[in-house]
Amino acid sequence: MSTKYVFVLGGVTSSLGKGIISASLAKLLQARGLSVTIQKFDPYINVDPGTLNPYEHGECYVTEDGAETDLDLGHYERFLNVFTSKANNITTGRIYRSVIDKEREGAYLGKTVQVIPHITDEIKRRMLLLGKTGKYDVIITELGGTVGDIESLPFVEAVRQLQWELPDEDCLVIHLTLVPYLSAAKELKTKPTQHSVRMLQQNGVHPDIIVCRTEHPLPADIRRKVALFCNVRPNAVIESIDARSIYEVPLLMVKEKLDEIVLKKFCLPELDKLPELDKWKAFLGRLFNPKESVNIALVGKYVELQDSYKSILESFIHAGAENECKVNVITVHSEYVNEANVAEKLSGMDGILVAPGFGERGIEGKITAVKYARENKIPFLGICLGMQMAVIEYARNILGLDDAMTTEIKPNAKNPVIDLMEDQKSMTIKGGTMRLGAYACKITEGTLAHKIYGETAISERHRHRYEVNDVYVEMLEKGGMFATGKNSETGLVEIMEVPEHPFFIGVQFHPELKSTPERPHPLFVALVKASMEYKNR
(Lines give C-alpha, C1' and ligand atoms only; values in the text may rest on other atoms or scores of the structure.)
Protein backbone atom coordinates (compact mmCIF):
# COMPACT_ATOMS: atom_id res chain seq x y z
CA MET A 1 0.00 0.00 0.00
CA SER A 2 1.33 3.43 -0.93
CA THR A 3 1.58 6.08 1.78
CA LYS A 4 -1.41 8.41 1.93
CA TYR A 5 -1.06 12.16 2.47
CA VAL A 6 -3.59 14.48 4.14
CA PHE A 7 -3.02 18.26 4.06
CA VAL A 8 -4.88 20.45 6.55
CA LEU A 9 -5.11 24.17 5.75
CA GLY A 10 -7.00 26.92 7.54
CA GLY A 11 -8.82 30.04 6.44
CA VAL A 12 -10.60 33.18 7.70
CA THR A 13 -8.74 33.33 11.04
CA SER A 14 -6.05 31.56 13.02
CA SER A 15 -6.70 29.52 16.18
CA LEU A 16 -9.65 27.66 14.67
CA GLY A 17 -8.18 24.35 15.74
CA LYS A 18 -6.31 22.87 12.77
CA GLY A 19 -4.05 21.04 15.21
CA ILE A 20 -6.99 19.49 17.08
CA ILE A 21 -8.74 18.44 13.85
CA SER A 22 -5.47 16.96 12.55
CA ALA A 23 -4.88 15.13 15.82
CA SER A 24 -8.49 13.93 16.01
CA LEU A 25 -8.43 12.52 12.48
CA ALA A 26 -5.08 10.86 13.21
CA LYS A 27 -6.55 9.35 16.40
CA LEU A 28 -9.50 7.87 14.51
CA LEU A 29 -7.33 6.40 11.75
CA GLN A 30 -4.94 5.01 14.36
CA ALA A 31 -7.92 3.53 16.24
CA ARG A 32 -8.80 1.63 13.06
CA GLY A 33 -5.36 0.03 12.98
CA LEU A 34 -3.46 2.38 10.66
CA SER A 35 0.01 3.73 11.38
CA VAL A 36 -0.30 7.52 11.40
CA THR A 37 1.92 10.52 12.11
CA ILE A 38 1.35 14.28 11.89
CA GLN A 39 3.75 17.02 10.87
CA LYS A 40 3.47 20.79 11.20
CA PHE A 41 4.79 23.27 8.64
CA ASP A 42 5.05 26.77 10.10
CA PRO A 43 5.44 29.77 7.77
CA TYR A 44 7.47 31.98 10.10
CA ILE A 45 11.14 32.60 9.31
CA ASN A 46 12.49 31.55 12.70
CA VAL A 47 14.41 28.29 12.30
CA ASP A 48 12.44 26.93 15.27
CA PRO A 49 10.28 28.40 18.07
CA GLY A 50 13.11 28.02 20.59
CA THR A 51 13.97 31.73 20.66
CA LEU A 52 10.36 32.97 20.52
CA ASN A 53 8.80 34.63 23.55
CA PRO A 54 5.90 32.49 24.83
CA TYR A 55 3.64 35.53 24.38
CA GLU A 56 4.43 35.37 20.65
CA HIS A 57 3.73 31.73 19.93
CA GLY A 58 2.75 29.92 23.10
CA GLU A 59 4.97 27.29 24.67
CA CYS A 60 7.92 25.69 22.93
CA TYR A 61 7.32 21.93 22.84
CA VAL A 62 10.43 19.71 23.05
CA THR A 63 10.52 16.24 21.48
CA GLU A 64 12.45 13.18 22.67
CA ASP A 65 15.24 13.87 20.18
CA GLY A 66 15.66 17.45 21.40
CA ALA A 67 13.81 19.42 18.73
CA GLU A 68 12.26 22.72 19.85
CA THR A 69 8.92 22.68 18.08
CA ASP A 70 5.45 24.18 17.77
CA LEU A 71 3.00 23.47 20.60
CA ASP A 72 0.73 21.58 18.18
CA LEU A 73 3.21 18.70 18.32
CA GLY A 74 2.15 18.37 21.95
CA HIS A 75 -1.43 17.81 20.79
CA TYR A 76 -0.21 15.23 18.28
CA GLU A 77 1.64 13.27 20.97
CA ARG A 78 -1.16 13.54 23.52
CA PHE A 79 -3.79 12.28 21.06
CA LEU A 80 -1.71 9.54 19.40
CA ASN A 81 0.26 8.50 22.50
CA VAL A 82 3.40 8.22 20.35
CA PHE A 83 6.53 10.38 20.11
CA THR A 84 7.20 12.89 17.34
CA SER A 85 10.66 14.08 16.25
CA LYS A 86 12.54 16.98 14.66
CA ALA A 87 11.25 15.72 11.28
CA ASN A 88 7.66 16.54 12.36
CA ASN A 89 8.07 20.34 12.53
CA ILE A 90 9.45 22.43 9.66
CA THR A 91 9.60 26.24 9.39
CA THR A 92 10.24 28.66 6.54
CA GLY A 93 13.54 29.47 8.22
CA ARG A 94 14.65 25.84 8.06
CA ILE A 95 13.56 25.51 4.43
CA TYR A 96 15.42 28.64 3.33
CA ARG A 97 18.51 27.75 5.34
CA SER A 98 18.63 24.35 3.67
CA VAL A 99 18.25 25.84 0.17
CA ILE A 100 20.86 28.55 0.81
CA ASP A 101 23.32 25.97 2.18
CA LYS A 102 22.86 23.92 -1.01
CA GLU A 103 23.38 27.01 -3.14
CA ARG A 104 26.63 27.79 -1.30
CA GLU A 105 27.78 24.23 -1.94
CA GLY A 106 27.11 24.64 -5.67
CA ALA A 107 24.33 22.05 -5.68
CA TYR A 108 22.23 24.07 -8.16
CA LEU A 109 24.99 24.20 -10.77
CA GLY A 110 24.97 27.97 -11.12
CA LYS A 111 21.23 28.28 -11.72
CA THR A 112 19.25 31.23 -10.37
CA VAL A 113 17.74 30.07 -7.07
CA GLN A 114 14.04 30.94 -6.91
CA VAL A 115 10.95 30.29 -4.80
CA ILE A 116 9.67 28.09 -7.61
CA PRO A 117 11.08 25.50 -8.08
CA HIS A 118 13.84 25.49 -5.45
CA ILE A 119 11.95 26.52 -2.30
CA THR A 120 8.80 24.61 -3.24
CA ASP A 121 10.85 21.52 -4.15
CA GLU A 122 12.49 21.59 -0.71
CA ILE A 123 9.07 21.98 0.94
CA LYS A 124 7.73 19.01 -1.04
CA ARG A 125 10.77 16.93 -0.18
CA ARG A 126 10.18 17.58 3.52
CA MET A 127 6.45 16.90 3.19
CA LEU A 128 7.15 13.46 1.71
CA LEU A 129 10.16 12.60 3.90
CA LEU A 130 8.33 10.73 6.68
CA GLY A 131 6.35 8.81 4.08
CA LYS A 132 9.56 7.44 2.58
CA THR A 133 10.54 5.77 5.88
CA GLY A 134 7.97 3.03 5.32
CA LYS A 135 6.76 3.38 8.92
CA TYR A 136 3.46 5.11 8.22
CA ASP A 137 0.28 4.39 6.28
CA VAL A 138 -0.96 7.97 6.55
CA ILE A 139 0.95 11.26 6.93
CA ILE A 140 -1.14 14.25 8.04
CA THR A 141 0.46 17.63 7.32
CA GLU A 142 -0.88 20.73 9.03
CA LEU A 143 0.02 24.10 7.51
CA GLY A 144 0.33 26.93 10.03
CA GLY A 145 -1.24 30.33 9.44
CA THR A 146 -4.16 30.95 7.10
CA VAL A 147 -4.69 30.87 3.35
CA GLY A 148 -3.90 34.35 2.05
CA ASP A 149 -0.97 35.00 4.38
CA ILE A 150 1.92 36.12 2.19
CA GLU A 151 4.40 33.87 4.02
CA SER A 152 2.15 30.82 3.47
CA LEU A 153 2.11 31.09 -0.33
CA PRO A 154 5.11 28.80 -1.02
CA PHE A 155 3.58 26.10 1.20
CA VAL A 156 0.19 26.35 -0.50
CA GLU A 157 1.96 26.16 -3.88
CA ALA A 158 3.80 23.03 -2.73
CA VAL A 159 0.45 21.44 -1.77
CA ARG A 160 -0.93 22.40 -5.20
CA GLN A 161 1.94 20.63 -6.92
CA LEU A 162 1.61 17.53 -4.76
CA GLN A 163 -2.15 17.43 -5.33
CA TRP A 164 -1.29 17.35 -9.06
CA GLU A 165 1.68 14.95 -8.82
CA LEU A 166 0.33 12.31 -6.40
CA PRO A 167 -2.33 9.76 -7.46
CA ASP A 168 -5.87 10.87 -6.61
CA GLU A 169 -6.26 8.08 -4.05
CA ASP A 170 -3.03 9.10 -2.25
CA CYS A 171 -3.73 12.80 -1.58
CA LEU A 172 -6.51 14.60 0.27
CA VAL A 173 -6.92 18.27 1.26
CA ILE A 174 -8.96 19.42 4.27
CA HIS A 175 -9.81 23.10 4.63
CA LEU A 176 -10.85 24.38 8.06
CA THR A 177 -12.89 27.58 8.02
CA LEU A 178 -15.12 29.68 10.25
CA VAL A 179 -18.90 29.79 10.00
CA PRO A 180 -19.76 32.67 12.35
CA TYR A 181 -23.13 33.22 14.01
CA LEU A 182 -24.43 36.79 13.91
CA SER A 183 -26.59 37.13 17.00
CA ALA A 184 -28.29 40.32 15.74
CA ALA A 185 -29.48 38.52 12.61
CA LYS A 186 -29.77 35.14 14.36
CA GLU A 187 -28.05 33.55 11.38
CA LEU A 188 -25.04 31.42 10.56
CA LYS A 189 -23.01 33.06 7.77
CA THR A 190 -21.22 31.00 5.12
CA LYS A 191 -19.69 33.91 3.19
CA PRO A 192 -16.34 33.85 5.08
CA THR A 193 -16.04 30.15 4.22
CA GLN A 194 -16.91 30.79 0.56
CA HIS A 195 -14.28 33.54 0.29
CA SER A 196 -11.66 31.41 2.01
CA VAL A 197 -12.27 28.44 -0.30
CA ARG A 198 -12.28 30.73 -3.33
CA MET A 199 -8.89 32.11 -2.32
CA LEU A 200 -7.58 28.58 -1.88
CA GLN A 201 -8.91 27.61 -5.31
CA GLN A 202 -7.34 30.71 -6.87
CA ASN A 203 -4.02 29.30 -5.64
CA GLY A 204 -4.83 26.07 -7.47
CA VAL A 205 -5.67 23.92 -4.43
CA HIS A 206 -9.07 22.21 -4.36
CA PRO A 207 -10.34 21.02 -0.96
CA ASP A 208 -11.82 17.54 -0.72
CA ILE A 209 -13.32 18.17 2.73
CA ILE A 210 -14.41 21.42 4.37
CA VAL A 211 -14.50 21.45 8.16
CA CYS A 212 -16.65 24.29 9.45
CA ARG A 213 -15.74 25.66 12.86
CA THR A 214 -18.93 26.86 14.49
CA GLU A 215 -20.57 27.66 17.80
CA HIS A 216 -23.98 26.45 16.62
CA PRO A 217 -25.07 23.25 14.82
CA LEU A 218 -24.97 23.41 11.01
CA PRO A 219 -28.42 22.74 9.51
CA ALA A 220 -28.68 20.65 6.34
CA ASP A 221 -29.44 23.70 4.19
CA ILE A 222 -26.26 25.46 5.38
CA ARG A 223 -24.22 22.36 4.58
CA ARG A 224 -25.75 22.16 1.10
CA LYS A 225 -25.02 25.84 0.52
CA VAL A 226 -21.36 25.43 1.51
CA ALA A 227 -21.09 22.31 -0.65
CA LEU A 228 -22.67 24.02 -3.67
CA PHE A 229 -20.57 27.19 -3.58
CA CYS A 230 -17.34 25.46 -2.57
CA ASN A 231 -17.61 22.54 -5.01
CA VAL A 232 -17.55 19.60 -2.58
CA ARG A 233 -20.08 16.86 -1.79
CA PRO A 234 -22.59 17.67 0.99
CA ASN A 235 -21.28 14.81 3.13
CA ALA A 236 -17.79 16.37 2.87
CA VAL A 237 -18.97 19.46 4.78
CA ILE A 238 -18.08 18.64 8.37
CA GLU A 239 -19.38 20.39 11.47
CA SER A 240 -16.76 21.20 14.10
CA ILE A 241 -18.76 22.61 16.97
CA ASP A 242 -17.48 23.84 20.34
CA ALA A 243 -16.80 20.88 22.62
CA ARG A 244 -16.59 20.53 26.40
CA SER A 245 -12.99 19.42 25.96
CA ILE A 246 -10.59 19.10 23.03
CA TYR A 247 -10.46 15.39 23.87
CA GLU A 248 -14.13 15.07 22.93
CA VAL A 249 -13.43 16.19 19.34
CA PRO A 250 -12.47 12.70 18.02
CA LEU A 251 -15.87 11.39 19.13
CA LEU A 252 -17.61 14.34 17.45
CA MET A 253 -15.63 13.60 14.27
CA VAL A 254 -16.81 9.97 14.42
CA LYS A 255 -20.40 11.25 14.39
CA GLU A 256 -19.56 13.46 11.41
CA LYS A 257 -17.92 10.44 9.69
CA LEU A 258 -14.74 12.38 8.94
CA ASP A 259 -12.61 9.25 9.12
CA GLU A 260 -14.98 7.32 6.85
CA ILE A 261 -14.80 10.01 4.16
CA VAL A 262 -11.00 9.97 4.31
CA LEU A 263 -10.83 6.17 4.11
CA LYS A 264 -13.19 6.09 1.11
CA LYS A 265 -11.08 8.67 -0.70
CA PHE A 266 -7.96 6.60 -0.01
CA CYS A 267 -9.69 3.31 -0.96
CA LEU A 268 -8.49 1.73 2.30
CA PRO A 269 -9.96 -1.55 3.61
CA GLU A 270 -9.88 -0.28 7.22
CA LEU A 271 -13.29 1.23 6.42
CA ASP A 272 -14.78 -2.10 7.50
CA LYS A 273 -13.34 -1.77 11.02
CA LEU A 274 -14.76 0.33 13.84
CA PRO A 275 -12.38 2.68 15.66
CA GLU A 276 -11.17 1.17 18.97
CA LEU A 277 -11.78 4.05 21.40
CA ASP A 278 -12.66 2.28 24.66
CA LYS A 279 -9.70 3.71 26.61
CA TRP A 280 -10.40 7.17 25.22
CA LYS A 281 -14.06 6.98 26.22
CA ALA A 282 -13.11 5.73 29.69
CA PHE A 283 -10.80 8.74 30.09
CA LEU A 284 -13.60 11.10 29.04
CA GLY A 285 -15.99 9.38 31.45
CA ARG A 286 -13.65 10.13 34.36
CA LEU A 287 -12.94 13.64 33.05
CA PHE A 288 -16.59 14.64 32.83
CA ASN A 289 -17.69 12.96 36.07
CA PRO A 290 -15.25 14.02 38.80
CA LYS A 291 -15.98 13.05 42.41
CA GLU A 292 -13.86 15.80 43.97
CA SER A 293 -12.19 19.09 43.07
CA VAL A 294 -8.98 20.87 44.10
CA ASN A 295 -7.50 24.31 43.54
CA ILE A 296 -3.89 24.31 42.37
CA ALA A 297 -1.96 27.54 41.82
CA LEU A 298 0.15 27.82 38.68
CA VAL A 299 2.73 30.49 39.54
CA GLY A 300 4.39 31.83 36.40
CA LYS A 301 5.16 34.98 34.48
CA TYR A 302 3.41 34.23 31.16
CA VAL A 303 -0.02 33.54 32.64
CA GLU A 304 -1.87 36.06 30.45
CA LEU A 305 -1.62 33.64 27.51
CA GLN A 306 -2.81 30.14 28.44
CA ASP A 307 -0.90 28.58 25.52
CA SER A 308 2.33 29.58 27.29
CA TYR A 309 1.78 26.69 29.71
CA LYS A 310 -0.30 24.47 27.43
CA SER A 311 1.35 21.15 28.30
CA ILE A 312 1.15 21.84 32.04
CA LEU A 313 -2.56 22.66 31.81
CA GLU A 314 -3.20 19.52 29.76
CA SER A 315 -1.19 17.42 32.25
CA PHE A 316 -3.50 18.60 35.04
CA ILE A 317 -6.49 17.48 32.95
CA HIS A 318 -4.95 14.02 32.51
CA ALA A 319 -3.96 13.73 36.18
CA GLY A 320 -7.31 15.06 37.35
CA ALA A 321 -9.18 12.43 35.33
CA GLU A 322 -6.88 9.72 36.69
CA ASN A 323 -7.82 10.80 40.23
CA GLU A 324 -11.49 11.41 39.30
CA CYS A 325 -10.91 14.96 40.44
CA LYS A 326 -11.57 18.30 38.76
CA VAL A 327 -8.41 20.41 38.93
CA ASN A 328 -9.11 24.13 39.05
CA VAL A 329 -5.85 25.72 37.91
CA ILE A 330 -5.57 29.22 39.37
CA THR A 331 -2.96 31.24 37.49
CA VAL A 332 -0.88 33.60 39.65
CA HIS A 333 1.43 36.14 38.02
CA SER A 334 4.77 35.79 39.78
CA GLU A 335 5.80 39.37 38.98
CA TYR A 336 3.13 40.62 41.37
CA VAL A 337 3.76 38.20 44.26
CA ASN A 338 5.64 39.50 47.31
CA GLU A 339 5.90 38.85 51.05
CA ALA A 340 3.08 41.28 51.76
CA ASN A 341 0.47 39.68 49.49
CA VAL A 342 1.56 36.06 49.05
CA ALA A 343 -0.85 34.74 51.71
CA GLU A 344 -3.73 36.56 50.04
CA LYS A 345 -2.83 35.31 46.56
CA LEU A 346 -2.21 31.69 47.58
CA SER A 347 -4.77 31.22 50.33
CA GLY A 348 -7.29 28.53 49.53
CA MET A 349 -4.82 26.64 47.34
CA ASP A 350 -4.58 22.87 47.80
CA GLY A 351 -1.38 22.65 45.79
CA ILE A 352 1.20 24.95 44.21
CA LEU A 353 3.17 24.50 40.99
CA VAL A 354 5.96 26.97 40.19
CA ALA A 355 6.38 27.03 36.44
CA PRO A 356 9.42 27.03 34.16
CA GLY A 357 10.65 30.15 32.39
CA PHE A 358 13.62 32.31 31.47
CA GLY A 359 14.90 35.72 32.56
CA GLU A 360 14.76 37.91 35.64
CA ARG A 361 11.16 39.14 35.59
CA GLY A 362 9.02 37.46 38.26
CA ILE A 363 11.93 35.55 39.86
CA GLU A 364 11.49 36.92 43.39
CA GLY A 365 7.75 36.24 43.24
CA LYS A 366 8.43 32.59 42.45
CA ILE A 367 10.87 32.35 45.35
CA THR A 368 8.26 33.87 47.67
CA ALA A 369 5.62 31.37 46.45
CA VAL A 370 8.02 28.48 47.10
CA LYS A 371 8.62 29.73 50.64
CA TYR A 372 4.86 29.94 51.27
CA ALA A 373 4.34 26.37 50.04
CA ARG A 374 7.23 25.04 52.14
CA GLU A 375 6.31 26.82 55.36
CA ASN A 376 2.60 26.03 55.11
CA LYS A 377 3.14 22.38 54.13
CA ILE A 378 1.16 22.82 50.90
CA PRO A 379 1.92 20.19 48.21
CA PHE A 380 4.53 21.69 45.90
CA LEU A 381 5.99 20.88 42.49
CA GLY A 382 8.68 23.02 40.88
CA ILE A 383 9.50 22.48 37.20
CA CYS A 384 12.86 23.51 35.70
CA LEU A 385 13.22 27.16 36.80
CA GLY A 386 10.60 26.39 39.46
CA MET A 387 12.92 23.73 40.92
CA GLN A 388 15.85 26.17 40.77
CA MET A 389 13.83 28.77 42.67
CA ALA A 390 13.10 26.13 45.33
CA VAL A 391 16.85 25.55 45.74
CA ILE A 392 17.51 29.30 46.01
CA GLU A 393 14.70 29.73 48.55
CA TYR A 394 16.03 26.88 50.68
CA ALA A 395 19.59 28.16 50.50
CA ARG A 396 18.50 31.64 51.56
CA ASN A 397 15.99 30.83 54.29
CA ILE A 398 17.25 27.55 55.74
CA LEU A 399 21.00 27.61 55.09
CA GLY A 400 21.27 31.36 55.73
CA LEU A 401 22.88 32.17 52.36
CA ASP A 402 21.03 35.46 51.93
CA ASP A 403 22.69 36.20 48.61
CA ALA A 404 22.05 32.79 47.05
CA MET A 405 21.10 33.27 43.42
CA THR A 406 21.29 31.90 39.89
CA THR A 407 24.02 33.22 37.62
CA GLU A 408 21.35 33.53 34.92
CA ILE A 409 20.19 36.63 36.80
CA LYS A 410 23.30 37.60 38.76
CA PRO A 411 26.48 36.47 36.96
CA ASN A 412 28.74 37.52 39.86
CA ALA A 413 26.58 36.00 42.62
CA LYS A 414 28.56 35.28 45.79
CA ASN A 415 26.64 32.02 46.31
CA PRO A 416 25.69 30.75 42.82
CA VAL A 417 23.60 27.76 43.90
CA ILE A 418 22.34 27.63 40.30
CA ASP A 419 25.05 27.99 37.68
CA LEU A 420 25.64 27.68 33.96
CA MET A 421 26.66 24.28 32.65
CA GLU A 422 30.38 24.26 31.89
CA ASP A 423 29.90 23.50 28.19
CA GLN A 424 27.46 26.44 27.91
CA LYS A 425 29.86 29.12 29.17
CA SER A 426 31.44 29.69 25.75
CA MET A 427 28.13 29.63 23.83
CA THR A 428 27.18 32.77 21.91
CA ILE A 429 24.45 31.27 19.70
CA LYS A 430 21.19 30.88 21.67
CA GLY A 431 18.95 28.85 19.36
CA GLY A 432 19.02 25.07 19.82
CA THR A 433 22.04 25.07 22.16
CA MET A 434 20.50 24.16 25.52
CA ARG A 435 20.33 20.72 27.13
CA LEU A 436 17.45 19.50 25.00
CA GLY A 437 15.46 16.30 24.73
CA ALA A 438 15.48 13.04 26.67
CA TYR A 439 18.11 12.32 29.33
CA ALA A 440 18.33 9.46 31.79
CA CYS A 441 17.87 9.96 35.53
CA LYS A 442 18.72 7.58 38.39
CA ILE A 443 16.41 7.92 41.39
CA THR A 444 17.46 7.13 44.96
CA GLU A 445 15.45 4.29 46.49
CA GLY A 446 13.01 5.07 49.29
CA THR A 447 12.50 8.70 48.26
CA LEU A 448 9.32 10.54 47.31
CA ALA A 449 10.44 10.45 43.66
CA HIS A 450 10.90 6.67 43.91
CA LYS A 451 7.44 6.30 45.41
CA ILE A 452 5.93 8.44 42.64
CA TYR A 453 7.63 6.72 39.71
CA GLY A 454 7.79 3.22 41.17
CA GLU A 455 11.21 2.72 39.61
CA THR A 456 14.76 4.03 39.90
CA ALA A 457 15.68 4.46 36.22
CA ILE A 458 13.65 7.02 34.25
CA SER A 459 14.05 9.24 31.20
CA GLU A 460 12.63 12.75 30.93
CA ARG A 461 12.86 15.70 28.53
CA HIS A 462 14.90 18.83 29.21
CA ARG A 463 15.14 22.41 28.00
CA HIS A 464 17.56 24.53 30.01
CA ARG A 465 21.10 25.90 30.36
CA TYR A 466 21.50 26.28 34.11
CA GLU A 467 21.90 23.52 36.69
CA VAL A 468 22.03 23.04 40.45
CA ASN A 469 25.64 23.84 41.39
CA ASP A 470 27.32 20.62 42.64
CA VAL A 471 29.41 22.65 45.07
CA TYR A 472 26.31 23.34 47.19
CA VAL A 473 24.62 19.91 47.06
CA GLU A 474 26.31 18.57 50.21
CA MET A 475 25.43 21.74 52.12
CA LEU A 476 21.81 21.55 50.96
CA GLU A 477 21.53 17.90 51.97
CA LYS A 478 22.94 18.61 55.43
CA GLY A 479 20.25 21.29 55.73
CA GLY A 480 17.42 18.92 54.77
CA MET A 481 17.00 19.32 50.97
CA PHE A 482 18.16 16.23 49.09
CA ALA A 483 19.21 15.52 45.51
CA THR A 484 17.17 12.35 44.97
CA GLY A 485 17.62 12.07 41.21
CA LYS A 486 20.76 12.56 39.14
CA ASN A 487 21.75 12.17 35.52
CA SER A 488 23.33 8.74 35.10
CA GLU A 489 26.33 9.94 33.06
CA THR A 490 27.10 13.48 34.22
CA GLY A 491 25.92 13.36 37.83
CA LEU A 492 23.93 16.57 37.26
CA VAL A 493 21.03 17.05 39.69
CA GLU A 494 17.61 16.19 38.25
CA ILE A 495 15.35 16.00 41.32
CA MET A 496 15.37 17.84 44.66
CA GLU A 497 13.02 17.16 47.55
CA VAL A 498 12.47 18.02 51.21
CA PRO A 499 11.52 14.84 53.14
CA GLU A 500 10.27 16.79 56.18
CA HIS A 501 7.54 18.29 53.99
CA PRO A 502 4.51 16.09 53.11
CA PHE A 503 4.99 16.72 49.37
CA PHE A 504 7.78 19.02 48.22
CA ILE A 505 9.58 18.09 45.02
CA GLY A 506 11.36 19.99 42.26
CA VAL A 507 12.52 18.57 38.94
CA GLN A 508 15.00 20.00 36.44
CA PHE A 509 13.19 18.32 33.53
CA HIS A 510 9.76 18.94 32.02
CA PRO A 511 7.39 16.11 33.00
CA GLU A 512 4.46 17.85 31.31
CA LEU A 513 5.94 17.01 27.90
CA LYS A 514 5.29 13.28 28.33
CA SER A 515 1.79 13.30 29.82
CA THR A 516 -1.09 11.95 27.71
CA PRO A 517 -4.74 11.05 28.44
CA GLU A 518 -3.93 7.34 28.24
CA ARG A 519 -0.62 7.71 30.10
CA PRO A 520 -0.90 10.59 32.63
CA HIS A 521 2.42 11.65 34.09
CA PRO A 522 3.05 10.20 37.58
CA LEU A 523 4.36 13.51 38.98
CA PHE A 524 1.13 15.32 38.11
CA VAL A 525 -0.99 12.38 39.27
CA ALA A 526 0.87 12.44 42.60
CA LEU A 527 0.57 16.23 42.97
CA VAL A 528 -3.20 16.09 42.41
CA LYS A 529 -3.55 13.20 44.84
CA ALA A 530 -1.47 15.05 47.47
CA SER A 531 -3.61 18.16 46.91
CA MET A 532 -6.78 16.11 47.48
CA GLU A 533 -5.31 14.75 50.73
CA TYR A 534 -4.30 18.27 51.80
CA LYS A 535 -7.82 19.56 51.16
CA ASN A 536 -9.43 16.67 53.06
CA ARG A 537 -6.99 16.60 55.98
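Residues numbered from 1 in each chain as written. Predicted model: local features only at pLDDT ≥ 70, side-chain atom pairs only at ≥ 80, totals over all residues. Heavy atoms only, no water.

### Digging into the side chain of Thr69
Selection rule: Elements are defined by DSSP. Helices are runs of H or I of four residues or more, strands are runs of E of two residues or more, and each kind is numbered from the N terminus. Exposure categories follow from relative accessible area, calculated using a 1.4 Å probe and restricted to protein chains: below 20% of the type maximum is buried, above 50% is exposed, and the middle band is partly exposed.
As for its position among the elements, Thr69 is in strand S4 (residues 68-69). When its relative accessible area of 1% is taken as the criterion, Thr69 is described as buried.

### Quick word on the pattern of salt bridges
Let me state the cut-off plainly: The salt bridge definition used is simple: a Lys or Arg side-chain nitrogen within 4 Å of an Asp or Glu carboxyl oxygen.
Per the stated rule, a full pass over the model turns up 34 salt bridges. The closest approach of N and O atoms between Arg125 and Glu122, which form a salt bridge, is 2.9 Å. Residue Arg125 and its partner Glu122 are both found in helix H5 (residues 115-129); the two are separated by three residues, about one turn of the helix. Given a relative accessible area of 36%, Arg125 falls into the partly exposed group. Because the salt bridges share partners, they merge into one network encompassing Lys40, Asp42, Asp70, Asp72 and Glu142.

### As for the packing of aromatic side chains
Basically, it comes down to this: By convention, a stacked pair of Phe, Tyr or Trp rings (six-membered ring in the case of Trp) has centres within 6.5 Å and planes under 30 degrees apart, an edge-to-face pair has planes over 60 apart, and any other such pair is tilted. Two thresholds decide whether a charge sits over a ring: the Lys NZ or Arg CZ must be within 6 Å of the ring centre and within 35 degrees of the ring normal.
For the structure on display, the rule yields nine aromatic pairs. Ring plane angle 45° and centroid distance 5.4 Å describe the contact between Phe79 and Trp280, whose orientation is recorded as tilted. Here the residue Phe79 occupies a position in helix H3 (residues 72-80), and Trp280 occupies one in helix H11 (residues 278-288), the gap between them amounting to 201 residues. Residues Phe79 and Trp280 agree in their burial class; the two are buried. With a centroid separation of 6.2 Å and an interplanar angle of 55°, the aromatic rings of Trp280 and Phe283 are classed as tilted. Of this pair, Trp280 and Phe283 both sit in helix H11, three residues apart, which is roughly one turn of that helix. Given the relative accessible area of 1%, Phe283 is considered buried. Through a chain of ring-to-ring contacts, the aromatic side chains of Phe79, Tyr247, Trp280 and Phe283 assemble into a single cluster. The side chain of Arg435 reaches across the aromatic face of Tyr439, ending 4.9 Å from its centre. Positioned over the ring face of Tyr534 is Arg537, at 3.9 Å from the centre of the ring.

### Thoughts on the pairing of strand S14 (residues 351-354)
Going by this rule: Only strands joined by at least two bridges in the DSSP assignment are considered to pair. For a crossover, the right-handed case is the one in which the path from the first strand over the helix to the second runs clockwise, viewed with the strands pointing away from the viewer.
Across the two faces of S14 the burial is the same, with Gly351 and Leu353 and Ile352 and Val354 all buried. Direction of pairing for strand S12 (residues 292-300) relative to S14: parallel, over a ladder of four bridges. Following the sheet pairing, Ile296 is matched in S14 by Gly351. Where S14 meets strand S15 (residues 380-383), three bridges bridge the pair, whose relative direction is parallel. Directly across from Leu353, in S15, lies its bridge partner Leu381. The handedness of the S14 to S15 crossover, carried by helix H14 (residues 363-375), is right-handed.

### Notes on the sheet that holds strand S16 (residues 404-406)
Note the threshold: Interaxial angle, 0 to 180 degrees, is taken between N-to-C directions of lines fitted to C-alpha atoms, where a helix line uses only the stretch in contact. Contacts are assigned to residue pairs that have any heavy atoms within 4.5 Å of one another.
Across the sheet, three strands lie side by side as S16-S17-S20; this open sheet has mixed pairing. Since the sheet does not close on itself, it has two edges, and those belong to S16 and strand S20 (466-468), each with one partner. In this sheet, neighbouring strand axes are inclined to one another by 30° on average, regardless of whether the strands run parallel or antiparallel. Strand direction decides the pairing type here: strand S17 (residues 415-420) and S20, joined by three bridges, are antiparallel. Residue pairing in the sheet places Asp419 in a bridge with Glu467 of S20. Seen against the sheet, helix H15 (residues 385-397) touches S16, S17 and S20 and runs at an angle of roughly 160° to S16.

### Comments concerning the confidence of the model for the protein
For the record, the criterion: The predictor attaches a confidence to each residue, called pLDDT, with possible values from 0 through 100.
Across the protein, the average pLDDT comes to 92, with 96% of residues at or above 70. Counted against residues more than four places away or in other chains, residues 426-432, with its pLDDT under 50, gives five contacts.

### What about the pairing of strand S13 (residues 325-333)?
Alignment of S12 against S13, held across nine bridges, turns out to be parallel. Opposite Asn295, over in S13, you have Asn328 as the bridge partner. This β-α-β element, S12 to helix H12 (residues 310-322) to S13, shows right-handed connectivity.

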